[in-house]
Amino acid sequence: EAGVVQSPRYKIIEKKQPVAFWCNPISGHNTLYWYLQNLGQGPELLIRYENEEAVDDSQLPKDRFSAERLKGVDSTLKIQPAELGDSAVYLCASSPGGGGRRYEQFFGPGTRLTVL
Amino acid sequence: AQRVTQPEKLLSVFKGAPVELKCNYSYSGSPELFWYVQYSRQRLQLLLRHISRESIKGFTADLNKGETSFHLKKPFAQEEDSAMYYCAPNRDDKIIFGKGTRLHILP
């Protein structure tokens, strides 16, 4: 099993440019998460999907960040326009629904974004 | 407000010595508690969860509801235990990660 796949692994852009990150969760996982991880910090939740529905986007800065999960499988996180403070690692995770393993999250390798 | 605290940013322990990584949480109700680990150049992964009461790689974690703590322990540290460890309470599908403790095992 490939696990959660993210691309690109690294991205360098200039401020004010748009950027997009892509995530393919583990097959069969209904729940998908996007996290932001700053240097020296733990991951912070940006948005959580249950299938196609964004059930928790309270921490997503909606003025510049957007996300979608069409067909309830892959997901894309976008920033437009990017700011210097957006430099961080963006993590995607997925989780199976139901049962005792419901809350275990499986993480992707992350996308390291550098905004110049 | 829901909060999780890992007071040590870095913990250095000699190989063979006991390890204790501290975690305190401030949550209403009864969160489900996890420890996640990230080894060098690897992705973040689940180490253990308190509800299963299992021991993974020799680590255990005891939930102390009175002290609201969930410290991670191992009696004898091994070099391969060097990693970042995150305490992560989860309540109502909302998981909050601590800032993490870097465990460095000295030879």
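See the structure shown above.
Since we're looking at a predicted model, the values are computed, not measured. (Residues numbered from 1 in each chain as written. Chains lettered and ligands numbered in written order. Predicted model: local features only at pLDDT ≥ 70, side-chain atom pairs only at ≥ 80, totals over all residues. Heavy atoms only, no water.)

**Student:** Would you mind showing me how to read the environment of Tyr 90 of chain A here?
**Tutor:** Residues and elements named next belong to chain A. Its place among the elements puts Tyr 90 in strand E9 (residues 88-95). Residue classification places Tyr 90 among the buried residues on the basis of a relative accessible area of 1%. Expressed as a C-alpha distance, the spacing of Tyr 90 and Leu 45, which sit 45 residues apart in the sequence, is 10.0 Å. Every residue in contact with Tyr 90, bar those within four places of it in the chain, is listed here: Gln 6, Phe 21, Tyr 35, Leu 36, Leu 46, Phe 65, Leu 77, Ile 79, Gly 110, Thr 111 and Leu 113. (Helix = DSSP H or I, 4+ residues; strand = E, 2+ residues; numbered from the N terminus. Buried < 20%, exposed > 50% of the residue type's maximum accessible area, 1.4 Å probe, protein only. Contact = heavy atoms within 4.5 Å.)

**Student:** When you look at the state of the cysteines in this model, what are you seeing that I'm missing?
**Tutor:** When the sulfur atoms of two cysteines share a covalent bond, that bond is a disulfide. All names here are of chain A. Applying the stated criterion across every chain yields a total of two disulfides over all chains. Bridging Cys 23 to Cys 92, the disulfide has an S-S length of 1.9 Å. What sets the handedness of the Cys 23 and Cys 92 disulfide is the S-S torsion sign, and at about -70° it is left-handed. Linking Cys 23 in strand E3 (residues 19-24) with Cys 92 in strand E9, this pair joins segments that are 69 residues apart in sequence. For the residue pair Cys 23 and Cys 92, the accessibility class agrees, reading buried in each case. (Disulfide = S-S within 2.5 Å.)

**Student:** Looking at this structure, how should I read the sheet that holds E3 of chain A?
**Tutor:** Strand-to-strand pairing in sheets goes through backbone hydrogen bonds, with the strands running parallel or antiparallel. All names here are of chain A. The four strands are arranged E1-E3-E8-E7 in an open sheet whose pairing can be described as antiparallel. Since the sheet does not close on itself, it has two edges, and those belong to strand E1 (5-7) and strand E7 (65-68), each with one partner. Direction aside, the axes of adjacent strands within the sheet are offset by 15° on average. Two elements, E3 and strand E8 (residues 75-79), share five bridges in a ladder whose sense is antiparallel. When the sheet's bridge partners are listed, Val 19 is paired in E8 with Ile 79. (Pairing = 2+ DSSP bridges. Axes fitted to C-alpha atoms, helices over the stretch in contact; angles between N-to-C directions.)

**Student:** Is there a simple way to think about the pairing of E9 of chain A in this case?
**Tutor:** A regular strand carries its side chains on alternate faces of the sheet. Residue and element names in this part refer to chain A. Across the eight residues of E9, eight count as buried, placing the element largely inside the fold. As judged from the seven bridges shared by strand E4 (residues 31-37) and E9, these two strands associate in the antiparallel manner. When the bridges of E9 are listed, Thr 31 appears paired with Ser 95. Bridge count between E9 and strand E11 (residues 111-115): three bridges; the pairing is antiparallel. Each residue of the ladder has a partner; that of Ala 88, found in E11, is Leu 113. In terms of strand pairing, E9 meets strand E10 (residues 106-107) through two bridges, oriented antiparallel. Residue pairing across strands places Ser 94 opposite Phe 106, the latter belonging to E10.

**Student:** I tried to follow the interface of chain A and chain B on my own but got confused; where do I start?
**Tutor:** A common way to express how large an interface is: the accessible area buried when the components associate. Contact with chain A, which involves 22 residues of that partner, is made by 16 residues of chain B. Taken together, the two surfaces of chain A and chain B that pack against each other cover about 1700 Å², and 45% of this comes from carbon and sulfur. Taken together, chain A and chain B are joined by four residue pairs in polar contact (both at pLDDT 80 or more). When contributions to the side of chain A that touches chain B are tallied by element, the ones reaching two or more residues are E4 and strand E5 (44-50) of chain A. Split into classes, the residues belonging to the side of chain A that touches chain B amount to seven nonpolar, nine polar and six charged. (Buried area = accessible area lost by both parts, 1.4 Å probe. Polar contact = N/O pair within 3.5 Å; in protein donor to acceptor, adjacent residues only side chain to side chain. Nonpolar A, V, L, I, M, F, W, Y, C, P; charged D, E, K, R; others polar.)

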